[in-house]
Amino acid sequence: MKIDLSDRTYVVMGVANKRSIAWGIAESLASAGARLVFTYAGERFEKNVRDLAETLERKDFIILPCDVTSDEEIDTAFKQIGDQVGKIHGIAHCIAFANRDEIMGEYLNTTRDGFLLAQNISAYSLTAVVKAARPIMTEGASVVTLTYLGGERVVKNYNVMGVAKASLDASVKYLANDLGKEGIRVNAISAGPIRTLAAKGIGGFNEVLKEMEETAPLKRTVTQEEVGNTTLFLMSDLSSGITGELLHVDGGYNTIGLM
Ligand code: NAD
């Protein structure tokens, strides 16, 4: 079955540059004909997003600011989206942040402020966004967020971000339960390590990539495009029976124990 999303609109949150996983998702959704709405945080990313969006075939995209630390900004963004496009069919939430000096060394060194910041931007934001988007989501809409193995297991240096991902993973299940009766699905993709702006901040990231290539069953890292295509599946009706799920797109790395 060919996936055709040409009569649908999706919100993609978190494109910073062409390496962003969010951009891989945008390209996959665009390849199925979808109309896209982009949100970005901070003026410095607006031009990047606009330049990338201009490369898409469909020119009816919309670009809006949305810093997820502000409920007001989230509400305004989704109000504007509703006014401009009517209903939306899904949201790709590709947002995370932690202080750089807390994603290296020991987890024990996490500060209270650093803990709350990582939780606020990387975990709570999904709940805040879904709450604001609820009135404009169609029945059958699909929400996808991005998580990482460091929320399920200890991954060296991932620290406070791992704890935030654990919180995000649990939020996915609770949100899926709340919204299931409205026909709205909520899922997470646990992506393998991909070299992006956010990943660069994590201590020892090159070692993580090397470990993937040596240990993952597929003996390689995964691409933005592979995460994008899995998101496309989760956004489409092909996945209509899946919700509250955490789907690994990591070359099988998570299945490996002691070798
Ligand atoms: P990225 O740096 O390209 O994207 C992170 C985005 O978060 C940026 O666009 C940034 O502007 C946005 N952001 C940060 N603070 C924000 C705020 N207050 N409001 C709104 N947006 C904000 O990096 P990425 O790797 O593509 O990250 C996207 C998602 O993928 C993150 O949730 C990340 O944890 C997750 N992920 C990444 C990897 C990886 O190896 N790259 C693996 C698994 C999961």
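One structure accompanies this document, and this report is about it. (Residues numbered from 1 in each chain as written. Predicted model: local features only at pLDDT ≥ 70, side-chain atom pairs only at ≥ 80, totals over all residues. Heavy atoms only, no water.)

### As for the overall build of the protein
Working step 1: For the protein, the count of helices and strands is 8 helices and 7 strands.
Working step 2: Taken over C-alpha atoms, the radius of gyration comes to 17 Å for the protein, in line with the 18 Å a tight globule of 259 residues would show.
Working step 3: Here the C-alpha coordinates of the protein stretch approximately 50 × 40 × 40 Å along the principal axes.
Working step 4: Out of the 259 residues in the protein, the part that is buried amounts to 52%.
Working step 5: Here the contacts in the protein between residues at least 6 apart in sequence split such that 75% fall between residues at least 24 apart.
Working step 6: Summing over all exposed atoms, the protein offers an accessible surface of approximately 12500 Å²; the carbon and sulfur share of this is 52%.
Working step 7: Taking the 27 positively charged and 33 negatively charged side chains of the protein as two groups, their mean positions are separated by 2 Å. (Helix = DSSP H or I, 4+ residues; strand = E, 2+ residues; numbered from the N terminus. Rg over C-alpha atoms; globule rule 2.2 N^0.38 Å. Buried < 20%, exposed > 50% of the residue type's maximum accessible area, 1.4 Å probe, protein only. Contact = heavy atoms within 4.5 Å. Areas by Shrake-Rupley, 256 points an atom, 1.4 Å probe, with all protein chains shown as cover. Lys, Arg positive; Asp, Glu negative; His and termini not counted. Charge placed at Lys NZ, Arg CZ, Asp CG, Glu CD.)

### So, the state of the cysteines
Working step 1: Throughout the structure, instances matching the rule amount to 0 disulfides.
Working step 2: Among the cysteines around Cys66, which has no disulfide bond, Cys94 carries the closest sulfur, lying 13 Å off.
Working step 3: On the basis of relative accessible area, Cys94 is assigned to the buried category, the value being 15%. (Disulfide = S-S within 2.5 Å.)

### A look at the site of the ligand
Working step 1: The environment of the ligand is made up of 28 residues, and the closest members are Gly14, Ser20, Lys165, Ile194 and Thr196.
Working step 2: A distance of 2.9 Å separates a nitrogen atom of the ligand from a polar atom in the backbone of Val68.
Working step 3: Contact with the protein chains covers 92% of the free accessible surface of the ligand, which is 820 Å².
Working step 4: Of all the cavities here, the one that holds the ligand is the largest pocket.
Working step 5: Where the shell around the ligand is concerned, the elements lending two or more residues are β5 (137-147) and α6 (197-200).
Working step 6: A total of 3 residues in the shell around the ligand trace back to one element, the largest contributor, which is α6.
Working step 7: For the shell around the ligand, the class distribution of residues is 20 nonpolar, 6 polar and 2 charged. (Near = heavy atom within 4 Å. Polar contact = N/O pair within 3.5 Å; in protein donor to acceptor, adjacent residues only side chain to side chain. 1 Å grid on protein atoms, 1.4 Å probe; cavity = no way out; pocket = protein on both sides within 12 Å on 5 of 7 lines; lining within 4 Å. Sits in = over half its atoms within 2 Å of the grid points. Nonpolar A, V, L, I, M, F, W, Y, C, P; charged D, E, K, R; others polar.)

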